[in-house]
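Residue-level structure breakdown
Listed here are the chains, written in short residue letters.
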Amino acid sequence: MRSIASTRRLALIAGAATLVLPLAAHAAGSITGTIKLDGQAPQRQTIKMSADPQCEAANPNGRMGDVFLVKDGKVQNVFVYVKEGLGDQKFETPAGEKPHVDQIGCMYTPRVSGVMVGQELEIRNSDATLHNVHALPTASKPFNNAMPMKGMTIKRKFTAPEVMVRMKCDVHPWMAAYIGVLPHPFFAVSGEDGAFTIANVPPGTYTIEAWHEKMGTQTASVTIADGAAATADFTFKPAAE
């Protein structure tokens, strides 16, 4: 006759045999690359700010336009994002620094950025002059807000994907910013060295797109293996005069 302890041991062994261990989670990867220019970048023009003494005082050495920011053949401010391949997956808004656009020296900073659908975008005024923030989405409701005081902030959200949303200042016509609105967090903006990194991308095959405000878009296909990095470089040509 089995003891009670022996019976319990047999029951535990039998129960262990029915356990189903979860599959190992797939490790996210990344997409890296560099944006290059094939040809000569258009000459940057001096912005005339004399209509607003505060803007002129904030730029005592003058200010050049920042549509084409090219250094050593590398292009800054190109928005790169996963365009296709994620299907109907849902993604949470990433933790960390919240997206913002500031008005500094009568220019939008950053000029190019991205947010997720429904994510809060903070717009700041660091200038001691009036700005009028006028966002022009076609998929979400536009907004148009005066920001007359230094230190003032407003918070806005976009309700639908759109690449890109243009934002201007009705007071200072040279000011412009562009915001990519996506249903996922897989986007990046090329830096001064032309490099970009889209982090924490699930394994898979994707179409990614690179957008520049004057040179248009380019696409590429990349495949990310489990926990690996994929590379995609883009080369733009300046539009013919």
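Our subject is the structure listed above.
Below is a summary of the structure that appears in this document. (Residues numbered from 1 in each chain as written. Predicted model: local features only at pLDDT ≥ 70, side-chain atom pairs only at ≥ 80, totals over all residues. Heavy atoms only, no water.)

**Points about the sheet that holds strand β10 (residues 143-147)**
How we decide: Two strands make a pair as long as DSSP finds a minimum of two bridges between them. Strands are runs of DSSP state E lasting at least 2 residues, helices are runs of H or I lasting at least 4, and numbering of each runs from the N terminus. Axis definition: a line fit to C-alpha positions, over the contact stretch in the case of helices; interaxial angles, taken between N-to-C directions, run 0 to 180 degrees.
The five strands lie next to each other as β7-β13-β12-β9-β10, forming an open sheet whose pairing is mixed. The open sheet has two edge strands, β7 (112-116) and β10, and neither has a second partner. Recorded for the sheet is a direction-independent mean angle of 25 degrees between the axes of neighbouring strands.

**Remarks on the sheet that holds strand β5 (residues 100-104)**
What holds strands together in a sheet is hydrogen bonding between their backbones, with the strands either parallel or antiparallel. As summarised here, the arrangement of the four strands in space is β6-β5-β8-β11, forming an open sheet in which the pairing is mixed. Of all strands in the sheet, those bounded by a partner on one side alone are β6 (107-109) and β11 (153-156). Here the average twist between neighbouring strands, direction ignored, is 20 degrees. Two strands pair when backbone bridges link them, and β5 and β6 are joined in this way by three bridges, in the antiparallel orientation. Residue I104 lies in a different strand from β6, and its bridge partner there is M107.

**With respect to the side chain of H212**
The criterion, for reference: When accessible area is computed with a 1.4 Å probe and restricted to protein chains, residues below 20% of their type maximum are described as buried, those above 50% as exposed, and intermediate ones as partly exposed. By definition in these notes, contact holds between two residues if any of their heavy atoms fall within 4.5 Å.
Looking at the element boundaries, H212 is found in strand β16 (residues 204-212). Residue H212 is classed as buried on the basis of its relative accessible area of 2%. Residues in contact with H212, not counting those within four places in the same chain, are V67, F68, V75, Q76, N77 and V78.

**Concerning the environment of R124**
Counted only if it meets this: For the purposes of these results, a polar contact is taken to be a pair of N or O atoms within 3.5 Å, where, inside protein, one atom must be able to donate a hydrogen and its partner to accept one; residues adjacent in sequence count only when each atom of the pair is a side-chain atom.
Within the secondary structure layout, R124 lies in strand β8 (residues 121-125). Residues R124 and I104, 20 residues apart in the sequence, show an inter-C-alpha distance of 8.8 Å. Sequence-distant contacts of R124, that is, excluding residues within four places in its chain, are made with H100, V101, D102, Q103, M147, M152 and T153. At a separation of 2.7 Å, a polar atom in the side chain of R124 contacts the side chain of E122.

**Remarks on the packing of aromatic side chains**
The line we're drawing: Side-chain rings of Phe, Tyr and Trp (the six-membered ring for Trp) are treated as a pair once their centres are within 6.5 Å; stacked means planes under 30 degrees apart, edge-to-face means over 60, and tilted covers the remaining angles.
One pass over the full model with this rule turns up five aromatic pairs. Relative to F186, the ring of F91 lies with its centre 5.0 Å away and its plane at 85 degrees, an arrangement referred to as edge-to-face. Of this pair, F91 sits in the loop between β4 (79-84) and β5 while F186 is found in the loop between β13 (176-182) and β14 (187-189), placing the two residues 95 residues apart along the sequence. Given the relative accessible area of 5%, F186 is considered buried. Where Y178 meets W211, the ring centres are 5.4 Å apart and the plane angle is 50 degrees; that geometry is what we call tilted. A residue pair is termed long-range when its members are at least 10 positions apart, and Y178 in strand β13 and W211 in strand β16 qualify at 33 residues. By the ring-pair criterion, three or more aromatic residues cluster together here, those being F79, Y81 and F187.

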